[in-house]
Amino acid sequence: MLTSKRCIFISLVILCFVCLIIFHLKMSVVIKSAGDEPTSIYVDVGANRGDTIRSFYAKKSVNDTNNRFVVLPRRYYKRKPSEWEVFAFEADPIHTEELKELEKQHNNLKIYTDTAVWTNSHGITIYPDRSSAAHGFWGTSISDTKKDVNESKSLHVRSVDLSEWLTEHVRPDDFLVLKMNIEGAEFEVLDKLLKDNTFCLIDGLFIFYHAKAAFQGKNELANKMPARVAKRSLQPDCKVKILYASYH
């Protein structure tokens, strides 16, 4: 009798153990399949007053935009804009209030205000543009020699290491579109992306180069960067589509 009860007990223990294993296996499959689904991600680096974010959601160039060429191809909208993950970065605090209001309009939008994209997260000095109001003070830069900036009224703002941020937020199978218009900071940032190979996480790129405007053509890294980016974007293990490039 004792032996029989013992056998029943052991059988129940084994059954419970098997059930636990099956449960965890099912859960791991569910978690893995959900986590493995590719995500469509749009990142606006240098959001200014939010022109390109509004164009993204409208699926066309909005009125009075400073970036009328930054419009995603229709074929990229396999998912509705509301189904993407959307992020934006803007260093100049003059745009904070307007961007916060824009952020409230979209549940899938996260804007890092008062935050510069850079090569580390230690903060950085920027020189504000306060002379081009008609264009939304679009010229704020890390370069004190850039036209329109006020070198005597520098600001220290937070910074985010873009390469590190991409590693944390984007997987290789995600679909990433990135717009970068950061008035001279793009050269150091792109250099690190290329060295870290996080550049190749990008699928579609809108890029604004400011070698002349920010450095008067005297910065060797800036002068060589467009060719480096173009070369890497075409390599078989990378294949980044340059959707638009401008040179200032």
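The rules behind the values
Residues numbered from 1 in each chain as written. Predicted model: local features only at pLDDT ≥ 70, side-chain atom pairs only at ≥ 80, totals over all residues. Heavy atoms only, no water. Salt bridge = Lys/Arg side-chain N within 4 Å of Asp/Glu carboxyl O. Helix = DSSP H or I, 4+ residues; strand = E, 2+ residues; numbered from the N terminus. Buried < 20%, exposed > 50% of the residue type's maximum accessible area, 1.4 Å probe, protein only. Axes fitted to C-alpha atoms, helices over the stretch in contact; angles between N-to-C directions. Parallel < 35°, antiparallel > 145°, perpendicular 65-115°, else oblique. Left-handed = near helix turned anticlockwise from the far one by under 90°. Contact = heavy atoms within 4.5 Å. Core = buried A, V, L, I, M, F, W, Y, C linked by side-chain atoms within 4.5 Å. Pairing = 2+ DSSP bridges. pLDDT = per-residue confidence, 0-100.

### Some details on the pattern of salt bridges
Between side chains of opposite charge, a pair can form as their charged atoms come close.
Working step 1: Within the structure shown, the criterion is met by 16 salt bridges.
Working step 2: Salt-bridge contacts for D44 lead to K179; the nearest nitrogen and oxygen are separated by 2.8 Å. Note that D44 is positioned in strand β1 (residues 40–45) and K179 in strand β7 (residues 175–180), a separation of 135 residues in sequence.
Working step 3: Judged by its relative accessible area of 0%, K179 falls in the buried class.
Working step 4: For K104, the salt bridge identified is with E101, shortest N-O distance 3.2 Å. Of this pair, K104 and E101 both sit in helix α3 (residues 96–104), separated by 3 residues, roughly a single helical turn.
Working step 5: In this structure E101 comes out as partly exposed when scored by relative accessible area, which is 42%.

### Some thoughts on the packing of helix α5 (residues 186–196) against helix α7 (residues 220–233)
Working step 1: Running from amino to carboxyl end, α5 crosses α7 at an angle of 40°, the nearest separation of the two axes being 10 Å. By the angle between their directions, the pair α5 and α7 is classed as oblique. α5 and α7 meet at a crossing whose hand is left-handed. Counted together, F187, E188, L190, D191 and L194 of α5 and L221, A222, M225, R228, V229 and R232 of α7 form the full contact between these two elements.

### Description of the nonpolar core
Working step 1: Grouped together as the largest cluster of nonpolar side chains are 42 residues, with contacts concentrated most on L162, M180 and F199.
Working step 2: In terms of residues, this core owes the most to one element, α5, which gives 5 residues.
Working step 3: Beyond its immediate sequence surroundings of up to four residues, L162 is in contact with V45, V117, W118, L178, M180, V189 and L193.
Working step 4: By size, the runner-up hydrophobic cluster in this structure holds 19 residues, among which are Y42, L102, L109 and F208.

### As for the pairing of strand β4 (residues 115–118)
Working step 1: Of the two faces of β4, the one carrying T115 and V117 and the one carrying A116 and W118 are both buried.
Working step 2: With 4 bridges connecting them, β4 and strand β6 (residues 155–161) associate as parallel partners. Within the sheet, the bridge partner assigned to W118 lies in β6 and is D161.

### Section: the confidence of the model for the protein
Working step 1: Summary statistics for the protein give a mean pLDDT of 87 and a share of 84% for residues scoring 70 or more.
Working step 2: Throughout residues 18–34 the model reports pLDDT below 50, and contacts reaching past four residues in sequence, or to other chains, amount to 0 contacts.

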